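One-letter residues, chain by chain:
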Amino acid sequence: MRRPLPTIEQFVQGIRSGNRVVLGQAITLVESARPDHQALAQEIIALLLQSTDHQSPIHQSPILQSLRIAVTGAPGVGKSTFIEALGTLLTGQGQSVAVLAIDPTSSVSKGSILGDKTRMERLSASELAFIRPSPSGESLGGVARKTRETILLVEAAGYDTVIIETVGVGQSEIAAHSMTDVFLLLLLPGAGDELQGIKRGIVEMADILAVNKADGDRVKLANQARAFYLNATHLLPPAPSGWTPKVLACSAEQGTGIAEIWQTIREYRDFTLANGYLHENRRQQAGYWLREALQAGLHTAFFSNPAVREKWAAVEPEVLAGKMSPFAAAEMVLGVFVKNRSVEGKFGHDSGLY
Ligand code: GDP
């Protein structure tokens, strides 16, 4: 970090007053692998959570500061274009929007799916929008956790809507689902899901499906896709939220259908606020992330423990030679960890959990 680091108080005050430079610096701490940065990030988040105004009038809800929306779909379906259109609609209404991303491919920076194009230029020019590219990391678990923590920071900075964009190539959708209130799946006109490279499980997670690129001579194909998905969603088992998935069409490029999608997102929010699902889901998500953080912390503490590494190196040749069972050897190494667990382990982010 080139700039000198603000003090903790400056961080907390800066974020709470919506200072984007300070917010960006705090996110950089969250994303950093350095243990001292990590410790500082945790302190900042803890202070922010303590002092966050839990009576936000916007959502008329005791624990809901913002609405968290996952936007996913196959590469090229128009996610960036859609987020720009939706974000512009919201900022036009005076609402603030933060756009974060989960792109596990960003660890191999050259091959990054989201990172290598100039994205959302119009939206990023708005004072009310905060756009942050995906953190990088060695594992999806590490990337996702950083994004999960960044949500807390942007919410503390007062953003009304947090959009999580994923690359739509597999596991990143599941990670996004585990940290958002509403899951929006973008689809292409014409084709069924097998043809779009979308796994059935992803369709099942969607609260709202939107066929994008419903413009020009694709309108007819878009309507066909809409009918197809409407039928497909009718065949799905009922969602735990009690909500019936809605299937819409839009053109992110021309801006048509975007207001209807926003309206549907609001309906979803109101529906799940009224039946308690929204809060229950957030509680469960918090529990899930606690477990993930414990697993990641244990994983890192275990594998960075010198006594463990030594014992492991000692027993491995025996196991490879067939002289010791892998399970007995694992017990021995675990035993060494239990005895030496006071050795400080780094609770890093990239523990390869996924
Ligand atoms: P992403 O990979 O899912 O983020 O997709 P992009 O937003 O980068 O869009 C991929 C391509 O589709 C770009 O060339 C966009 O201009 C185009 N595109 C996006 N939305 C629409 C739309 O609503 N209609 C049409 N015709 N093209 C679109």
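Keep in mind it's a predicted model, so treat the numbers as computed, not measured. (Residues numbered from 1 in each chain as written. Predicted model: local features only at pLDDT ≥ 70, side-chain atom pairs only at ≥ 80, totals over all residues. Heavy atoms only, no water.)

**Student:** Talk me through the environment of threonine 161; I want residue IDs and the actual numbers.
**Tutor:** Summarising the element assignment, threonine 161 is placed in strand 4 (residues 161-166). Judged by its relative accessible area of 1%, threonine 161 is buried. Not counting residues within four places of it along the chain, the set of residues in contact with threonine 161 comprises Leu67, Ile69, Leu90, Gln95, Ser96, Val97, Ala98 and Trp262. (Helix = DSSP H or I, 4+ residues; strand = E, 2+ residues; numbered from the N terminus. Buried < 20%, exposed > 50% of the residue type's maximum accessible area, 1.4 Å probe, protein only. Contact = heavy atoms within 4.5 Å.)

**Student:** Go over the nonpolar core with me, naming the residues and quoting the values.
**Tutor:** Ile15, Leu23, Ile44, Ile102, Leu153, Val154 and Leu209 are the most contacted members of the largest nonpolar core, which totals 49 residues. Counting contributing residues per domain, this core is built from domain 1 (1-52) and domain 2 (54-278), each supplying no fewer than three. In this structure, isoleucine 15 is in contact with Val22, Leu23, Ala26, Ile44, Leu48, Leu153, Ala156 and Ala157, ignoring residues within four places of it in sequence. (Core = buried A, V, L, I, M, F, W, Y, C linked by side-chain atoms within 4.5 Å. Domains from an automatic or database assignment.)

**Student:** So what's going on with the site of the ligand? Residues and values would help.
**Tutor:** Around the ligand, 16 residues are found, and the nearest of them are Gly76, Lys79, Thr81, Asp215 and Ala252. At 3.1 Å, a side-chain N or O of arginine 218 approaches a nitrogen atom of the ligand. In the environment of the ligand, an oxygen atom lies 3.3 Å from a nitrogen or oxygen atom belonging to the side chain of serine 251. Relative to its unbound accessible area of 580 Å², the ligand is 76% covered by the protein chains. When the residues that make up the shell around the ligand are grouped by side-chain class, the tally is four nonpolar, six polar and six charged. (Near = heavy atom within 4 Å. Polar contact = N/O pair within 3.5 Å; in protein donor to acceptor, adjacent residues only side chain to side chain. Areas by Shrake-Rupley, 256 points an atom, 1.4 Å probe, with all protein chains shown as cover. Nonpolar A, V, L, I, M, F, W, Y, C, P; charged D, E, K, R; others polar.)

**Student:** Before we move on, can you summarise the sheet that holds strand 7 (residues 246-249) with the specific residues and values?
**Tutor:** Pairing is parallel in the open sheet, where seven strands are placed in the order 3-2-4-1-5-6-7. What marks the edges here is a single partner per strand, and that holds for strand 3 (129-131) and strand 7. In this sheet, neighbouring strand axes are inclined to one another by 20° on average, regardless of whether the strands run parallel or antiparallel. Bridge count for strand 1 (residues 67-72) against strand 5 (residues 182-187) is four bridges, and the pairing is parallel. Each bridged residue has a counterpart across the sheet, and for threonine 72 the counterpart in strand 5 is leucine 185. (Pairing = 2+ DSSP bridges. Axes fitted to C-alpha atoms, helices over the stretch in contact; angles between N-to-C directions.)

**Student:** Account for the packing of aromatic side chains, naming residues and giving values.
**Tutor:** Within this structure, the stated rule accounts for eight aromatic pairs. Ring plane angle 45° and centroid distance 6.0 Å describe the contact between phenylalanine 130 and tyrosine 159, whose orientation is recorded as tilted. With phenylalanine 130 in strand 3 and tyrosine 159 in the loop between helix 6 (140-156) and strand 4, this pair connects stretches of sequence that are 29 residues apart. For the pair phenylalanine 130 and tyrosine 159, a shared accessibility class is recorded, and that class is buried. A connected cluster of aromatic rings, assembled from ring pairs, spans Phe302, Phe303, Trp312 and Phe337. Its end group placed over the ring of tryptophan 243, lysine 246 keeps NZ or CZ at 3.9 Å from the ring centre. (Phe/Tyr/Trp six-rings, centres within 6.5 Å; stacked < 30°, edge-to-face > 60°. Lys NZ or Arg CZ within 6 Å of the ring centre and 35° of its normal.)

**Student:** Any details on unusual backbone geometry? Residues and values, ideally.
**Tutor:** Phi is mostly negative for residues that are not glycine, and the peptide bonds are mostly trans. Phi at lysine 213 is positive, roughly 65°, even though this residue is not glycine. With respect to the helices, strands and loops of the structure, lysine 213 is situated in the loop between strand 6 (208-211) and helix 10 (219-234). Residue classification places lysine 213 among the partly exposed positions, given a relative accessible area of 26%.

**Student:** I'd like a description of helix 1 (residues 8-16), backed by residues and values.
**Tutor:** Taken residue by residue, helix 1 has Ile8, Phe11, Val12, Gly14 and Ile15 as its buried positions. All buried residues of helix 1 fall inside an arc of 170° around its axis, so they share one side. Of the exposed residues in helix 1, the ones pointing more than 90 degrees away from its buried face are Glu9 and Gln13. Looking one or two places after helix 1, you find glycine 18, whose phi comes out positive at around 80°. (Arc of directions from axis to C-beta.)

**Student:** How would you explain the side chain of lysine 79 if you had to name every residue and give the values?
**Tutor:** Considering the arrangement of structural elements, one finds lysine 79 in helix 4 (residues 79-92). Although lysine 79 lies buried, it forms no salt bridge, and the closest oppositely charged side chain, glutamate 165, sits 5.6 Å away as judged by the N-O distance. A distance of 2.8 Å separates a polar atom in the side chain of lysine 79 from the backbone oxygen of glycine 73. Setting aside residues up to four positions removed in sequence, lysine 79 forms contacts with Val71, Thr72, Gly73, Ala74, Glu165, Thr166, Val167 and Leu186. (Lys, Arg positive; Asp, Glu negative; His and termini not counted. Salt bridge = Lys/Arg side-chain N within 4 Å of Asp/Glu carboxyl O.)

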